[in-house]
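Spelled out, the chains give:
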Amino acid sequence: MLHSTTFVPKYSCLSTKLTPAFFLLAIFLSMNPSYFICNLRTDIVSVTPWLAPVVWEGTFQPVLLDSIYQKRNITVAATVFAVGKYIRFLKDFLETAEQHFFVGFKVKVYVFTDQPNEVPKVKMAAGRELVVRLVQNSKRWQEISARRMEIIQTLIEEMLKNDVDYIFCLDVDSKFHSRWGTESLGELVAVIHPGYYKDDRSRFPYERRPTSRAYVAPGEGDFYYCGGAFGGVLAEVHQLAQTCHKNFDDDAKEGIEAAWQEESHLNRYLWLNKPSKVLSPEYLWQDFKARNSEVRVIRFSGVIKDYNQIRPN
Ligand code: UD2
């Protein structure tokens, strides 16, 4: 039976009021297809409750984004640590970064290693540069992993103030497989951990001891983020690294090491300081995990490794 109420179109922009402005907009959009919003995705969350985008394939226009940032002539830095046996992962990391990480942009890759002579010679495109810096090895992998925050803090203070716009801090035991580009840029950027993105937050492996400065109470926390990839503008990443480093050290003075070292401190920090952009697990998958259907593209992933073979303890 037909109701007598007036039909109200679902989308108000398709209402019957076709003004001259509507026609102008239609002409503009048909001449500039890149301005069309990408296909809506309903199988994933693409915005956080604090209105930060969650970047998945199909939620952004790469060509449009690249053209915006090309005009700004940006430089992007990446830090990567290859200490002890982890040096074996560096070649693949660097070679695949050349193929997929901010291709066409100015990039500086900072490699921190205890074996500068073992850094592979990788041909880099014009505008891309490799900077090798010496760091000490350690008897404990937990130290190596966690000390990265202190070194990143110092690096930003010493070197980057004038010529780099954005920085990403990445795990070396990983490879790029597909585009990682301007869609990932933001003030403070974090990646959702692939192991927990479908879980209820009660299952996230946050540090649960209130005595630790990485503590996240039950019922708190947004996502579980990866320690293996985060970034943003220099000032924001400096603040993050400085805070995590200080909290890690203050915990250590009291004999506490958070469950997942700097990853735990990072998660605490990002609970209190919400990222302005969140990257989906496309930006750090794990090779041992089968790909789920909502993950249309794997951009960067951790390789399968035998911890007994590569860790010092
Ligand atoms: C997770 C995190 C990692 C870190 C760690 C907790 C991801 C994908 N990885 O991975 O970032 O938060 O938990 O501590 O989120 N390294 C060396 N030499 C060593 C040991 C480590 O260079 O002997 C560096 C290297 O860059 C490596 C990184 O530290 O990629 C993290 O170490 P990991 O990969 O062993 O940590 P993992 O797999 O537990």
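This structure is a prediction, so every number in the text was calculated from the model and none was measured.

Visitor: Quick question: what am I supposed to make of the pattern of salt bridges here?
Guide: Working definition: two side chains of opposite charge can pair if their charged atoms are close together. Taken as a whole and judged by the stated rule, the model has 25 salt bridges. Note that Asp43 and Arg41 form a salt bridge whose closest N and O atoms lie 2.9 Å from each other. Across the pair Lys91 and Glu95 runs a salt bridge, and its minimum N-O distance is 2.9 Å. Remark: Glu95 and Lys91 occur in helix α3 (residues 90–100); sequence separation between them is four residues, near one turn of the helix. Ionic contacts of the salt-bridge type, sharing partners, join the residues Glu143, Arg147, Glu150 and Asp249 into one network.

Visitor: Would you mind showing me how to read the packing of aromatic side chains here?
Guide: Geometry of an aromatic ring pair is reported as the spacing of the ring centres plus the angle between the planes. By the definition in use, this model includes 24 aromatic pairs. Plain terms: the ring middles of Tyr196 and Tyr224 are 5.2 Å apart, the flat faces sit at 70 degrees to each other, and that makes the pair edge-to-face. Note that Tyr196 is positioned in the loop between β7 (188–192) and β8 (225–233) and Tyr224 in the loop between β7 and β8, a separation of 28 residues in sequence. When its relative accessible area of 23% is taken as the criterion, Tyr196 is described as partly exposed. Residue classification places Tyr224 among the buried residues on the basis of a relative accessible area of 2%.

Visitor: Help me understand the sheet that holds strand β11 (residues 300–302) in this model?
Guide: By way of backbone hydrogen bonds, the strands of a sheet pair with one another, either parallel or antiparallel. Strand order in this open sheet of three strands is β6-β11-β10, and the pairing throughout is mixed. Of all strands in the sheet, those with a lone pairing partner are β6 (174–176) and β10 (285–286), marking the two edges. Where β10 lies against β11, two bridges are found, and the strand directions are parallel. In the strand pairing of β11, Gln286 is matched with Gly302. Across the sheet, α3 lies against β6 and β11, angled at about 20 degrees from β6, the strand it touches most.

Visitor: Is there a simple way to explain α3 in this structure?
Guide: Because an α-helix packs 3.6 residues into every turn, residues spaced three or four apart end up facing the same way. Every buried residue belonging to α3 is among Leu90, Phe93, Leu94, Thr96, Ala97, Glu98 and His100, and all of these are buried. Phe102 occupies a position one or two residues after α3 and carries a positive phi of about 45 degrees.

Visitor: Could you clarify how one ought to interpret the site of the ligand in this entry?
Guide: Taken together, 23 residues lie around the ligand, and Phe81, Tyr86, Asp173, Glu262 and Tyr307 are the ones closest in. With respect to the ligand, the side chain of Asp173 contributes an N or O atom lying 2.5 Å from an oxygen atom. Interatomic distance of 2.7 Å between a side-chain N/O atom of Tyr307 and an oxygen atom of the ligand. Protein chains shield 95% of the accessible area of the ligand, which is 720 Å² for the free molecule. With four residues, the top contributor of residues to the shell around the ligand is helix α4 (residues 141–158).

The rules behind each value
Residues numbered from 1 in each chain as written. Predicted model: local features only at pLDDT ≥ 70, side-chain atom pairs only at ≥ 80, totals over all residues. Heavy atoms only, no water. Salt bridge = Lys/Arg side-chain N within 4 Å of Asp/Glu carboxyl O. Helix = DSSP H or I, 4+ residues; strand = E, 2+ residues; numbered from the N terminus. Phe/Tyr/Trp six-rings, centres within 6.5 Å; stacked < 30°, edge-to-face > 60°. Buried < 20%, exposed > 50% of the residue type's maximum accessible area, 1.4 Å probe, protein only. Pairing = 2+ DSSP bridges. Contact = heavy atoms within 4.5 Å. Axes fitted to C-alpha atoms, helices over the stretch in contact; angles between N-to-C directions. Near = heavy atom within 4 Å. Polar contact = N/O pair within 3.5 Å; in protein donor to acceptor, adjacent residues only side chain to side chain. Areas by Shrake-Rupley, 256 points an atom, 1.4 Å probe, with all protein chains shown as cover.

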